[in-house]
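# Architecture at a glance
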Amino acid sequence: MTLPRFDEPKAKPEPRFDPRATHTTHDWAHSARLLCCRVDPTGRFVCAGATDHTVQRWEIATGTKVPLAAHTNWVSALGFSPDGATLYSGSYDGRLIAWETAAAAPQPVRTTPAHEGWLRAIALSSDGQWIATAGNDRLVKIWSAATGEKVRELSGHSQHVFCVQFVPGTRELVSGDCLGNIHHWNGEDGKLLRQFEARDTSFLIADIAPFGGILNLAFNRDGSRLTAAGHFKVSNAPAGNRRAVATTFDWKSGERVVRQESVKEERDATLWRAVHHPRGPMLGIIAKELGFWEPESVELFHLLKTPSEMFDFDLHPNGLDLFTAHFDGHLRVHRCAPA
Amino acid sequence: MNRQHSPQCQTPQHVLGRRQFLGETLGAVGGLAGVSLLAEPAGAAELSQQGKSVVVIFLDGGISQFESWDPKTDLDTGGPFRAISTSVPGIQVSELLPYTSRHLHRMALIRSISTDLDDHGLAKNIVRAGRQTRTATEYPELGAVVAKGLERPGFPLPGHIRTMVSGVGGRGRDASYLGPGYASVSVGAEAGGIVNNKLPEGLTVEADNRRHDWRRFVNDRHRRRVRSAEIDAYTQTFEQSRRLMERRELFDIAAEPAAVRDAYGHSEFGKQLLLARRLVEQEVPFIEVSHAGWDFHHNNFEFHLHYVADFDRPFAHFLDDLAERGLLSRTLVIVMTEFGRTPKINPGYGRDHYPAAWSIAMAGCGIHHGAVIGKTDAKGIEVTDRKVDHRHLFHTYLRAVGIKSSGDFRIGGRAFPIADPAYGPIEELLV
């Protein structure tokens, strides 16, 4: 029998997923406000879009930061190919730019003038062949990842389109606009299959400006639920008086199943993004806080405070780490496990 | 979709009934003891022939200078909107103003306004009155001063009109010592302008005339014994109400051809501008059109995207229409607001109140077209050239329409400076 040496390193136990124990592990600074972030599917890089017109790429293992500069306006949307090899960035300049994710000094591989006005959202089909974009020109567009050619244009929203997602495992899409409408499309023929609505999340101010709507859409793991993030209970829009809200639909029936008023306390906030964690709970960013709740519940079970307002976040493929993009220019890393 | 009026910075115009209109007028008169309403402004006779008008478009709440007249490319303060070229080489405005940008050759920009009040009410008071109200003295606002300065004997309409979407003839308390005859009258752009503008059913014109004859008889008899501002104001208000009723069709934009209404657009703002144009045609001295709700402490860029678009096209068409009808050469158009917005973008992507460096635009008569007065630094934080404030602007507006702003109003034997005597106009802007 061999006894272990006293100084032999013990094998670390696998971290246990525990959202109640979520804590911040890293804080990486950039000099400009961050608007969006995405983690590459291989888990090596996290990228953030900034108001200095750059994409910032951090290597997660080292925290090394590399700028990707080619846009001419705020970088508002990011997406990765399923293999992580290609990063797509979208900007208020209306352009979609493809980059080689892991290049030492990434340069644009392809630049596509995708939308008139602001490009708001990017989504990748699960087979990686299609890229969907959405913008202020009221359009959803599908692009070929192989050629960069436009495959199809989906017309039907009557105002700015804020978000787009592929229905998991299909070539169908959902898109949400600032009026609170959700469109379900067949990407193969461009036909509108059906519409959902959460119009009580949109407020038309003085018959001039819509405020709110569907800011983000997320499916759960088995595709049976679709959750829309946004705000409601707007009392004074120019002053930002509103409450964060998530609205979850049964995907098959289109019925609303849960209305999650994410923050019970009276405070001004928008739910900019909510996602279903593969292990069950939902996560969302509410002003300076990360909120956690069970999908069928209307109660938050945990809130993590951060130093600055967040406008986007993403999960690491390990299911434990998540990354938040902040107004103060910092990208923060949090672990959903005990320290 | 929920519909909301903009709850912040609501327009000060009141929706008042005809009876309330009379009551307001008398309330204002109550504070005028000892002031004669018969005072004449300096130079009114010669100006009266010119038929000039001033149209103020008041962007209530504080439009962002960055997202309008003074765009910046600075990555920290500039925001996401680009600057675009205009009809005047070398002058750029925000890309949110594509239609207005084609009219800069009819306009002038003042980019170097620096004031020191960041409260909406106080700031509106100084930009409208050209001086800060003190405890002992309220100053008449620009509309009242212009109405008096451009007053023409026998002119049948109010000289100081504020348009609103659906109004019923309320009267403002904005004339101070000039008296209620120069205070604003609010008229709506919808429902024929002034509601309750016809005689009640069952009251014949003959019977109404007999009523008024009796009122005049009693008033005159009383005035022979007692002369008071209250009675003068009563009389003036009754007579003006009758004149408005007789000319109610002037306030009805439905009388315009459909193509004209379409060209202005069917927004609340477009309708008010069309009404303003009709009033300019009638040589009304002062008209104010309000576009409310610009107080974007939150979501500044999304809101400006929609609000500036709502302003841009109707405003550009308004200038076009005035020019095509030959009216712009005798009309001064001022796009006014109470202060600018902060260079610093707050965590709600809003901009807060910023009186230190902001802009306005002007168009039409009396000014050099294509002029840009002053400038701010690259971040838009400070005025770096030709700093001016509300006192210079007040003089400038008046001088542009030929009112000698350094003169006095003689009221009740006292001299009241028309504008702050320690300041003067922006001379290089004036023709």
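Refer to the structure presented above.
In this report, the structure presented in the accompanying data block is examined. Computed from a predicted structure; not experimentally measured.

## Details of the overall build of chain A
Broken down by element type, chain A carries zero helices and 30 strands. Looking at chain A residue by residue over its 339 residues, the buried ones come to 63%. By sequence separation, contacts in chain A at least 24 residues apart represent 46% of the contacts at least 6 residues apart. Of the accessible surface of chain A, which amounts to about 13,500 Å², a share of 49% is contributed by carbon and sulfur atoms.

## So, the side chain of Arg-38 of chain A
Residue and element names in this part refer to chain A. Following the sequence through the fold, Arg-38 ends up in strand β2 (residues 34–39). The buried category is assigned to Arg-38, whose relative accessible area is 16%. At 2.8 Å, the side chain of Arg-38 and the side chain of Asp-312 are in polar contact. In this view, Arg-38 contacts Phe-45, Val-46, Cys-47, Leu-78, Gly-79, Phe-80, Arg-273, Asp-312, Phe-313 and Asp-314; residues no more than four positions away in its chain are not counted.

## Describing the interface of chain A and chain B
At the interface, 40 residues of chain A touch 32 residues of chain B. Of the roughly 3,100 Å² buried between chain A and chain B on both sides combined, carbon and sulfur atoms contribute 60%. At the boundary of chain A and chain B, one finds two salt bridges. Taking the shortest distance from any N to any O, the salt bridge between Arg-120 of chain A and Glu-302 of chain B comes out at 2.5 Å. Applying the counting rule to chain A against chain B returns five residue pairs in polar contact (both at pLDDT 80 or more). Of all the elements in the fold, those that place two or more residues in the side of chain A that touches chain B are β2, β18 (202–205), β19 (209–212) and β21 (225–236) of chain A. Among the elements that make up the side of chain A that touches chain B, the one with the highest residue count is β18 of chain A (four residues).

## A look at the nonpolar core
It is characteristic of soluble globular proteins that their nonpolar side chains tend to be buried jointly. Residue and element names in this part refer to chain B. By size, the foremost hydrophobic cluster in this structure holds 72 residues, and its most contacted members are Ile-57, Trp-69, Phe-251, Tyr-307, Phe-311, Phe-315 and Val-333. At 10 residues, the largest contribution of residues to this core is made by helix α9 (residues 300–324). With 51 residues, the next largest nonpolar core counts Tyr-182, Cys-365, Val-388 and Ile-426 among its residues.

## Description of the sheet that holds strand β29 (residues 321–326) of chain A
Residues and elements named next belong to chain A. Pairing in this open sheet of four strands is antiparallel, and the strands run β1-β30-β29-β28 from one edge to the other. Of all the strands in the sheet, just β1 (23–29) and β28 (310–315) have a single pairing partner and so form its edges. The sheet shows a mean angle of 20° between the axes of neighbouring strands, direction not considered.

## Examining the packing of helix α8 (residues 268–281) of chain B against α9 of chain B
Residues and elements named next belong to chain B. Two elements in contact, α8 and α9, have axes separated by 9 Å at closest approach and are oriented at 20°. Classified by the angle between their axes, α8 and α9 sit roughly parallel to one another. As α8 runs across α9, the sense of the crossing is right-handed. Contacts between α8 and α9 involve Phe-269, Gly-270, Leu-273, Ala-276, Arg-277 and Val-280 from the first element and Asp-310, Phe-311, Pro-314, Phe-315, Phe-318, Asp-321 and Leu-322 from the second. By residue class, the composition of the contact of α8 with α9 is nine nonpolar, one polar and three charged.

Here is what the cut-offs are and how they apply
- Residues numbered from 1 in each chain as written.
- Chains lettered and ligands numbered in written order.
- Predicted model: local features only at pLDDT ≥ 70, side-chain atom pairs only at ≥ 80, totals over all residues.
- Heavy atoms only, no water.
- Helix = DSSP H or I, 4+ residues; strand = E, 2+ residues; numbered from the N terminus.
- Buried < 20%, exposed > 50% of the residue type's maximum accessible area, 1.4 Å probe, protein only.
- Contact = heavy atoms within 4.5 Å.
- Areas by Shrake-Rupley, 256 points an atom, 1.4 Å probe, with all protein chains shown as cover.
- Polar contact = N/O pair within 3.5 Å; in protein donor to acceptor, adjacent residues only side chain to side chain.
- Buried area = accessible area lost by both parts, 1.4 Å probe.
- Salt bridge = Lys/Arg side-chain N within 4 Å of Asp/Glu carboxyl O.
- Core = buried A, V, L, I, M, F, W, Y, C linked by side-chain atoms within 4.5 Å.
- Pairing = 2+ DSSP bridges.
- Axes fitted to C-alpha atoms, helices over the stretch in contact; angles between N-to-C directions.
- Parallel < 35°, antiparallel > 145°, perpendicular 65-115°, else oblique.
- Left-handed = near helix turned anticlockwise from the far one by under 90°.
- Nonpolar A, V, L, I, M, F, W, Y, C, P; charged D, E, K, R; others polar.

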